[in-house]
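Tertiary structure, described
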Amino acid sequence: MSRNSPPRSLPGRLWDFLTSIRLTVTLLLILAVVATLGTVIPQNEPVARYLVSFGPRWGPVLLRLGLHRIYDGPWLLMPVALLSLNLLACVIRGLPEAVRRVARPFTLEAALQLPLRGQFTLPARVNPETAVLPALRQELGRLKVSNHPGRQVYYWESGRFRPLGPYLIHLSLFLILLGALVGKFLGVEGRLAILTGETATEFTLAKGKGSVPLGFTLRLDDFRVEYYGGTATPREFRSDLTFMQDGQEVGRAACRVNHPVTFGGLTFYQSSYGSQLAGPVRLKVCKGQECHTLTVGQRRGENLPDGQGQVMLVRVDANFQGLGPAALLAYREASGGDQPQLFWIPARHPELARRLQTPFYQAGPHLFTVEELPLKFYSVFQVRRDPGVWWVYAGFLLCLPGFVLAFLRPSQRLAVVLEQSPKGHWQGRLLGASPRAREVFQERVDRLLMHLKKGTAV
Amino acid sequence: MISQVLGLVTLVYLTAAGIFLAATLWSSRRLEAWGRWALLAGLAAHLGAFFGRWLESYRHASQFTPPQDLGATLSLVIHQVPLSNFFESLVFFSFSVSFLALVSFRRHLKGALAVVVALLACLILAYASLAVDSSIRPLMPALKSNWLLIHVLTCFIGYAAFALAFGAALLYLWQTRRSKANPIAPPPELERLMYRAVALGFLFLSVGILTGAVWADSAWGRYWSWDPKETWSLITWFIYAGLLHARLVKGWQGRRIAWLAILGFAAVLFTYFGVSFLLPGLHSYL
């Protein structure tokens, strides 16, 4: 391609645009701004929330522009697509040259062309090889040698593959972006909640796009959660799953956090859990010595058996404050005014009802304890099929050698040329170059020169 | 015990900063060597405190789940690495700053830069000890993964390298401001340090983001979920990628690179602190 002729054809100008660093930097800037917007504006919230928080003027504008789903829309996809093209174009433009440079062996001619870094002299009586080689071997390791009568050259190269590093990184980024696009357009992602003992045949797609059949039947046999002793912090939770096809059991697996389970092309990730009532709650109500049993359902007002008050079951929790199952009850005494009392009744700790200043305190006159609190766990899974994930992982693997080559393996070339003068002594020259690691290289040159000159004194 | 050691380490770092300052003022090579020894002593104690906390954290966890066999013991040891909350991450951040300065960039550890680095390590540790809850909490299930160790380790080594680049950039801007005052350290050296620290940080940040993605893939079922922490680490990555391209492709040097290094570190700080305190998300535990 002719680089210096000013009038360029349209494809040529397009190519220049696609391979320009200015495009890269602009795209990175745009992506940074888009990403920032996405963390400032809450994402994927119900429409009404935007109208409330951004007002009637800006709310609709924001929704019209799609800023509430910025990571799924053209705001992100356009720059990412352009960046992929930019990456690919840069790789296509530079890779052949880099490969040629790497493939070209480090020859004697190339070694002799390196710039001069220092000089030293060896007296005629010494054997140049024994004077120079030990120092060189110690510093550099294996050397190439060229021996001629009257001239000896030792030359050495490291970081030969450095030019490939940046291209590996860019190629890996391209793979990752490609994998992300493949996953976005060809993959599915959703959620699935199942109650213990029940089965599911479909799952809900993310962002309210309906539901999809699993292609098999999934049964949650058991769900278990263990807590750190005496706290509400879960230590571990797991779901025992059975996969069934046409009524036949075809597989079993335990799904835990960090340990997903794959079946039939879908992967299940343990995401969260909860509990709900499996039947009515039985309470014991006492006033003085007189006790009754009372059955309550959720969110339904219930008159007390003695007719002197009302209760409503507000909520249940499988492990409230680390104390085990508990029920939140609203209670209003017949003569107690409008304000109901709200308190938790822990099934295993009825004694807490008398403790002041706690969420368990019951002022009376009725005293409530739990007789039966039938709870059932449900387990929530993230469900996914992503054909792009292997592209992404291939990109991850490819970029590691890329980084090592680009940043940790600077190319260095060194040569020591020994020439015998007519008078018989040896004139030594140290040649070398390392365009990207001058500092380390200079230290090495200084060290070498010191050793080589020491050799002179022997 | 461990908090006392960390308090002592803070003081040692402060002392090292003082010695380095004196060394700069009197251009004394000997004082500079003393400063290095002080920093090294602090670093050794710091490492001791790190392992002490690790042991304590392991003991704490093995009360709840006594490991049954060697494999379980090993995995419990790995999961209990003290990198799982804000306090522990700050302690490790400070450690990485002085470690990188003493090991990877020892040639540059002199003059005003040494003062800045020692002060930085001291301030981070002081903040951790004085203002952050240091209690050992049991791990939530999502954090129990072998990826925790490598993910947090790489991220914070990256942050520490960016902190060094930031220190160098500040000094560079100060020394190249429009005045004739005699320079404290030769700016070309600071310039090189800036670049090398950014390159190292970029490498570690990249690996940190990648390991985070692999972990997220097994824990949350998505390798990228645009969680604020993820998003901001990506923005940080963009800025430093821009810096590296500006220097390597466009040949930018000096003050412009220094300003980019400062911008990048602002993004690092926001990723680290801002996201944790201002934006709720999946990373809310750190």
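Residues numbered from 1 in each chain as written. Chains lettered and ligands numbered in written order. Predicted model: local features only at pLDDT ≥ 70, side-chain atom pairs only at ≥ 80, totals over all residues. Heavy atoms only, no water.

**Looking at the overall build of chain B**
Looking only at helices and strands, one finds nine helices and zero strands in chain B. When the helices and strands of chain B are listed from N to C terminus, the series reads α-α-α-α-α-α-α-α-α. Scaling as 2.2 N^0.38, a compact globule of 286 residues should have a C-alpha radius of gyration of about 19 Å, and chain B matches this with 20 Å. Its C-alpha atoms give chain B principal-axis dimensions of roughly 65 × 40 × 30 Å. In chain B, buried positions account for 59% of the 286 residues. For chain B, the share of sequence-separated contacts (at least 6 apart) that also reach a separation of at least 24 residues comes to 81%. Each charge class in chain B was averaged separately, 21 positive and 10 negative side chains, and the resulting centres sit 16 Å apart. (Helix = DSSP H or I, 4+ residues; strand = E, 2+ residues; numbered from the N terminus. Rg over C-alpha atoms; globule rule 2.2 N^0.38 Å. Buried < 20%, exposed > 50% of the residue type's maximum accessible area, 1.4 Å probe, protein only. Contact = heavy atoms within 4.5 Å. Lys, Arg positive; Asp, Glu negative; His and termini not counted. Charge placed at Lys NZ, Arg CZ, Asp CG, Glu CD.)

**Structural notes on the packing of aromatic side chains**
Residues and elements named next belong to chain B. Applying the stated criterion to the full structure yields 47 aromatic pairs over all chains. Arranged with centres 5.8 Å apart and planes meeting at 20 degrees, the rings of Phe95 and Phe99 form a pair that is stacked. Separated by four residues within a single helix, Phe95 and Phe99 lie in helix α4 (residues 86-103), roughly one turn from each other. On the basis of relative accessibility, which here comes to 35%, the residue Phe99 falls in the partly exposed class. Here the aromatic rings of Phe202 and Trp237 are separated by 5.1 Å at their centres, their planes lie at 25 degrees, and the arrangement is stacked. (Phe/Tyr/Trp six-rings, centres within 6.5 Å; stacked < 30°, edge-to-face > 60°.)

**As for the environment of Cys90 of chain A**
Residues and elements named next belong to chain A. Mapped onto the elements of the fold, Cys90 is located in helix α4 (residues 74-103). The class of Cys90 is partly exposed, set by a relative accessible area of 22%. Sequence separation of Cys90 and Glu302 is 212 residues, and the distance between their C-alpha atoms is 73 Å. When sequence neighbours within four positions are dropped, the list of residues in contact with Cys90 reads Thr19 and Tyr167.

**Describing the pattern of salt bridges**
Residue and element names in this part refer to chain A. Under the defined criterion, the tally for this structure stands at 23 salt bridges over all chains. Across the salt bridge formed by Glu139 and Arg444, the nearest N and O atoms sit 2.9 Å from each other. In this pair, Glu139 sits in helix α6 (residues 128-140) while Arg444 sits in helix α9 (residues 438-457), placing the two residues 305 residues apart along the sequence. In this structure, Glu139 and Arg444 share a single accessibility class: buried. A salt bridge links Glu249 to Arg252; the nearest nitrogen and oxygen atoms lie 2.8 Å apart. A relative accessible area of 56% places Arg252 in the exposed class. Look at the salt bridges and you will find they share partners, linking Arg219, Asp221, Glu249 and Arg252 into a network. (Salt bridge = Lys/Arg side-chain N within 4 Å of Asp/Glu carboxyl O.)

**Some remarks on the interface of chain A and chain B**
On the side of chain B, 46 residues touch chain A, which itself brings 43 residues to the contact. Taken over both partners, the interface formed by chain A and chain B buries close to 3,900 Å², and the fraction arising from carbon and sulfur atoms is 66%. Taken together, the links from chain A to chain B amount to three salt bridges. Connecting chain A to chain B are 13 residue pairs in polar contact (both at pLDDT 80 or more). Of all elements in the fold, only α2 (21-40), α7 (164-186), β7 (234-245), β10 (266-277), β18 (375-385), α8 (389-408) and α9 of chain A reach the threshold of two or more residues within the side of chain A that touches chain B. The biggest single contributor to the side of chain A that touches chain B is α8 of chain A, with nine residues. (Buried area = accessible area lost by both parts, 1.4 Å probe. Polar contact = N/O pair within 3.5 Å; in protein donor to acceptor, adjacent residues only side chain to side chain.)

**Describing the packing of helix α2 (residues 29-64) of chain B against helix α3 (residues 70-79) of chain B**
Residue and element names in this part refer to chain B. Taken N-terminus to C-terminus, the directions of α2 and α3 make an angle of 125 degrees; their axes are 9 Å apart at the nearest point. The orientation of α2 relative to α3 falls into the category oblique. Here the hand of the crossing between α2 and α3 comes out right-handed. For the pair α2 and α3, the contacting residues are Trp54, Tyr58, Ala61 and Ser62 in the first and Thr73, Leu76 and Val77 in the second. Here the residues of the contact of α2 with α3 are counted per class, giving five nonpolar, two polar and no charged. (Axes fitted to C-alpha atoms, helices over the stretch in contact; angles between N-to-C directions. Parallel < 35°, antiparallel > 145°, perpendicular 65-115°, else oblique. Left-handed = near helix turned anticlockwise from the far one by under 90°. Nonpolar A, V, L, I, M, F, W, Y, C, P; charged D, E, K, R; others polar.)

**Points about the confidence of the model for chain A**
Looking at chain A as a whole, its pLDDT mean stands at 85, while 97% of the residues score no less than 70. Predicted confidence in chain A is weakest over α9 of chain A, with a mean pLDDT of 79, and strongest over α8 of chain A, with 92. (pLDDT = per-residue confidence, 0-100.)

**Describing the layout of surface pockets**
The computed volume of the second largest pocket comes to approximately 760 Å³. What lines the second largest pocket is a set of 25 residues, and nearest its centre among them are Arg436, Ala437 and Arg438 of chain A together with Tyr195 and Arg196 of chain B. Listed by contribution, the elements that provide at least two residues to the lining of the second largest pocket are α8 and α9 of chain A together with α7 (187-219) and α8 (228-248) of chain B. When residues in the lining of the second largest pocket are grouped by element, the largest group, eight residues, is from α7 of chain B. Partitioned by chemical class, the residues of the lining of the second largest pocket number 14 nonpolar, two polar and nine charged. (1 Å grid on protein atoms, 1.4 Å probe; cavity = no way out; pocket = protein on both sides within 12 Å on 5 of 7 lines; lining within 4 Å. Points joined across faces, edges and corners; volume = space filled by probe spheres on them.)

**Side note on the sheet that holds strand β11 (residues 281-287) of chain A**
Residues and elements named next belong to chain A. Judged by pairing direction, the sheet is antiparallel, and its three strands sit side by side in the order β12-β11-β17 without closing on themselves. Of all the strands in the sheet, just β12 (290-296) and β17 (367-372) have a single pairing partner and so form its edges. Neighbour to neighbour, the strand axes of the sheet diverge by 30 degrees on average, direction disregarded. Alignment of β11 against β12, held across seven bridges, turns out to be antiparallel. (Pairing = 2+ DSSP bridges.)

**Points about the environment of Ala41 of chain B**
Here Ala41 of chain B shows up in helix α2. The spacing of Ala41 of chain B and Gly7 of chain B is 34 residues in sequence and 14 Å in space, taken between C-alpha atoms.

**What about the pairing of strand β8 (residues 248-256) of chain A?**
Residue and element names in this part refer to chain A. By the bridge criterion, eight bridges tie β7 to β8 in an arrangement that is antiparallel. Residue pairing across strands places Asp240 opposite Ala254, the latter belonging to β8. The loop that links β7 with its antiparallel partner β8 comprises two residues; one of these, Asp246, has a positive phi angle of about 50 degrees.

**Details of empty space enclosed by the protein**
Residue and element names in this part refer to chain B. Tallying each qualifying case throughout the model produces six cavities of 30 Å³ or more. The space that makes up the second largest cavity amounts to roughly 60 Å³. If you trace the second largest cavity, you find it lined by Ile2, Leu6, Ala49, Phe50, Arg53, Pro82, Phe87, Glu88 and Val91. Of all the secondary structure elements, the ones that give two or more residues to the lining of the second largest cavity are α1 (2-25), α2 and α4.

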